[in-house]
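If you want the building blocks of each chain, they are given just below.
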Amino acid sequence: ANAPLTSEAFEAHILLADLEDRVGHIGETTRLLKELLAIERLPRAHRANVAKRLGDLARRAQDYVEAIRWYDEASALWPMVRDETRYLSASCAEEAGDVEVALHGYQALTHAPWRVRGQFAAAKLLERQGRRAELYALYTGLASEPIPEAKLAGERLAALHGEQSR
């Protein structure tokens, strides 16, 4: 477990875990990934990749607390994935029914493309909750930004105005 791991060996281990996952052997996939984490000399970026994959497995099993724990670990190991893992954590909170935690998580994202994805995910939640004032404010802000998604936000805002006038 303490031997150095080449990039090729790491990729082979990941491919084997992916194969086990594809055939539905979630327990074996988890075991293989945790085995990788036991390698002390595994680079931080690889550790973060493995932790995120473990989070994805837990999420698919609807173990949202465990998924968020793994996403937090991935984020701590490799800050480059922080917004992605925070987005995934917010979506776990949403799937678990914790709307306020999900909204806060989505709206706390700061880097592209996750910030915009988070804003649209928050909008979807606000719409489901009937929180129109917050929804209008969010879409108005997005529509005024110099981003490709501004047109979509403007269209959604116009549709909401149309629904309200009926």
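Going by the structure above, here's the rest.
Residues numbered from 1 in each chain as written. Predicted model: local features only at pLDDT ≥ 70, side-chain atom pairs only at ≥ 80, totals over all residues. Heavy atoms only, no water.

**Quick word on the overall build of the protein chain**
Piece 1. The number of helices and strands found in the protein chain is 9 helices and 0 strands.
Piece 2. Reading the helices (α) and strands (β) of the protein chain from amino to carboxyl end gives α-α-α-α-α-α-α-α-α.
Piece 3. A principal-axis box enclosing the C-alpha atoms of the protein chain has dimensions of 65 × 30 × 25 Å.
Piece 4. Counting only residues that meet the buried cut, the protein chain has 40% of its 166 residues in that class.
Piece 5. If you take every contact in the protein chain between residues at least 6 apart in sequence, the share linking residues at least 24 apart comes to 46%.
Piece 6. As displayed, the protein chain offers around 9400 Å² of accessible surface, 56% of which is attributable to carbon and sulfur atoms.
Piece 7. A gap of 2 Å separates the mean positions of the 22 positive and 25 negative side-chain charges of the protein chain. (Helix = DSSP H or I, 4+ residues; strand = E, 2+ residues; numbered from the N terminus. Buried < 20%, exposed > 50% of the residue type's maximum accessible area, 1.4 Å probe, protein only. Contact = heavy atoms within 4.5 Å. Areas by Shrake-Rupley, 256 points an atom, 1.4 Å probe, with all protein chains shown as cover. Lys, Arg positive; Asp, Glu negative; His and termini not counted. Charge placed at Lys NZ, Arg CZ, Asp CG, Glu CD.)

**Examining the packing of aromatic side chains**
Piece 1. Scanning the model with the defined rule gives 3 aromatic pairs in all.
Piece 2. A centroid spacing of 5.4 Å and a plane angle of 45° characterise the contact between Tyr87 and Trp114, whose relative ring orientation is tilted. You can see Tyr87 sitting in helix 5 (residues 82-95) and its partner Trp114 sitting in helix 7 (residues 114-129), a full 27 residues away along the chain.
Piece 3. Among the residues examined, Tyr87 registers a relative accessible area of 19% and is labelled buried.
Piece 4. Where Phe120 meets Tyr139, the ring centres are 6.1 Å apart and the plane angle is 55°; that geometry is what we call tilted. Of this pair, Phe120 sits in helix 7 while Tyr139 sits in helix 8 (residues 132-143), and the two are 19 residues apart along the sequence. Like Phe120, the residue Tyr139 is buried in the burial classification.
Piece 5. Each member of the aromatic cluster is reached from another via a ring pair, and the members are Tyr87, Tyr106 and Trp114.
Piece 6. Over the aromatic face of Trp70 sits the side chain of Arg69, whose NZ or CZ is 4.4 Å from the ring centroid. (Phe/Tyr/Trp six-rings, centres within 6.5 Å; stacked < 30°, edge-to-face > 60°. Lys NZ or Arg CZ within 6 Å of the ring centre and 35° of its normal.)

In short, geometric facts, not functional conclusions.
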